[in-house]
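# Architecture at a glance
Each chain, written out:
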Amino acid sequence: MRYHSSIVLLSLVALSCSSKSSSEAFSAGRSLLDRTSPLLQHVAFQSSSKTTTRNDLHMNQDPASLSELQMSSLSGGGQNEPVSLSTQITNFTQKNSFLLGMAMAVMFAKAFPSLGVNGGIMRPELFIGKFGVTCIFLLSGISLELSELKRAIANVKLNFLVQAGSFLAWPFLVGVPLTNAINKFLPNLLPKALVEGLLILTCLPTTVNMCVLLTGAAEGNVAASLANAVMGNMMGIFLTPALLMHFFGTQIELPFLNMVLKLCNKVLLPVAVGQALRATPAKQFFVNNKKTFKSLQEFILIGLVWNAFCNAFTKGLGIEFSHGVFLLGLLSSLHLGSFKLLMKFFSSKALNFSREDVIAATFCTSHKTLAFGLPLLNTIFEGNPNLAAYCAPVMFIHPLQLLLGSVLASKLKEDNEK
């Protein structure tokens, strides 16, 4: 209050001085000071009284009822004690353990790729790719209320937008314009087969397990993510060949029954077993050890990243290095850009989705499957000399989605905890 009164007084003095000579200005300023001095003294007295009253209230208050911030301001002047370097490192490691684990998995895959390659000595395709993924869906089944699954399946608006994004927006609003632009403006940058591989990538459904795991890591709606992963891959058995036939004009025959059985065995069966276990003491055991099982899911995800990068470093992708560098930058930008746009779209007030639904929808719509993509493409283009180029973008996007998605999930979780 005294600060504001002084500003007013100085302004009045300056205004009085601006229209007079120096001697007259001095006399006028002194006269003004004399006239306003009692007022300033009164204001200062009022401010001092209020401050004294507040201090008295703090001193007379029971220390047990004081907040932590008040106690620190009374005892130490609000200054925090210095934190040791070891404590800072420990806190950083605990807070970012998931991301650090991802980085170590990639570095370990680069240093010893033969250990984590499919068919290698550690058989990661069995212990991580099969048992690990089954464990993820089993835990999802235990953790989800049946009412949550029913509500997720009944959310027609969310499910329709996710599937429309996967099978309409991606191929027609991303794939076609992107490949046309490359062919027109950069015709010699990539081989034609590799450009067609980008279009094929946009026709694939969402991931089977990755979007569910990342949704859970970001504290999103796992039930909605699971429902859309199953629906998307079931629809993809029919819609992806239809899209490829539209773009490439080839007659396609697929073993639909075998693919449906594989999806049921990989996803629906462990979820159903998990739901059945909710009626047993296993449910309470899961609740009591929820943090441990959460860490187990993150460990499986790190294992998937390790396995994917070991395969990439060992087998390569069958394309030239310069083409690989361009694809790496293009697909990374495409994934991050689509994630940001989809997050903004699903967060719009007009759609009125919850934060959890937005996260689930964004992860599901922005992902493209490798697990069903490669078998699908091998079946559709069997014997085609361009098969390796058609599969290359799918093989590139898989580890990128895992790595970038894990970073995004960690950031979303951190933002939610603030």
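Turning next to the nonpolar core. With 58 residues, the main nonpolar core has F137, L226, F346 and F363 as its most contacted residues. The dominant element in this core, judged by the number of residues it contributes, is helix α15 (residues 290–315), at nine residues. Contacts of F346, omitting those with residues within four sequence positions, involve L161, V162, L351, F353, V358, A361, T362 and T365.

With that out of the way, let us pick up the side chain of S366. Among the structural elements, S366 can be located in helix α17 (residues 355–366). Its relative accessible area of 2% is what places S366 among the buried residues.

Within the secondary structure, A272 sits in helix α13 (residues 256–277). As a C-alpha pair, A272 and S140 span 132 residues in sequence and 9.8 Å in three-dimensional space.

What follows deals with unusual backbone geometry. In this model, R123 sits at a positive phi of 45 degrees, which is unusual for a non-glycine residue. Exposure remark for R123: the relative accessible area of 39% places this residue in the partly exposed category. Positioned with a positive phi, N352 is a non-glycine residue whose angle comes to about 60 degrees. Relative to the elements of secondary structure, N352 occurs in the loop between α16 (321–346) and α17.

A few words on the pattern of salt bridges. Enumeration according to the criterion identifies three salt bridges in this entry. Between E145 and R278 there is a salt bridge, with the nearest N and O atoms lying 2.8 Å from each other. In this pair, E145 sits in the loop between α7 (131–143) and α8 (146–154) while R278 sits in the loop between α13 and α14 (282–288), placing the two residues 133 residues apart along the sequence. Owing to a relative accessible area of 35%, E145 belongs among the partly exposed residues under this scheme. Here D415 makes a salt bridge to K411, at a shortest N to O gap of 3.0 Å.

In this section: the environment of N183. Considering the arrangement of structural elements, one finds N183 in helix α9 (residues 156–185). For N183, a relative accessible area of 42% corresponds to the partly exposed category.

Conventions and cut-offs
Residues numbered from 1 in each chain as written. Predicted model: local features only at pLDDT ≥ 70, side-chain atom pairs only at ≥ 80, totals over all residues. Heavy atoms only, no water. Core = buried A, V, L, I, M, F, W, Y, C linked by side-chain atoms within 4.5 Å. Buried < 20%, exposed > 50% of the residue type's maximum accessible area, 1.4 Å probe, protein only. Helix = DSSP H or I, 4+ residues; strand = E, 2+ residues; numbered from the N terminus. Contact = heavy atoms within 4.5 Å. Salt bridge = Lys/Arg side-chain N within 4 Å of Asp/Glu carboxyl O.

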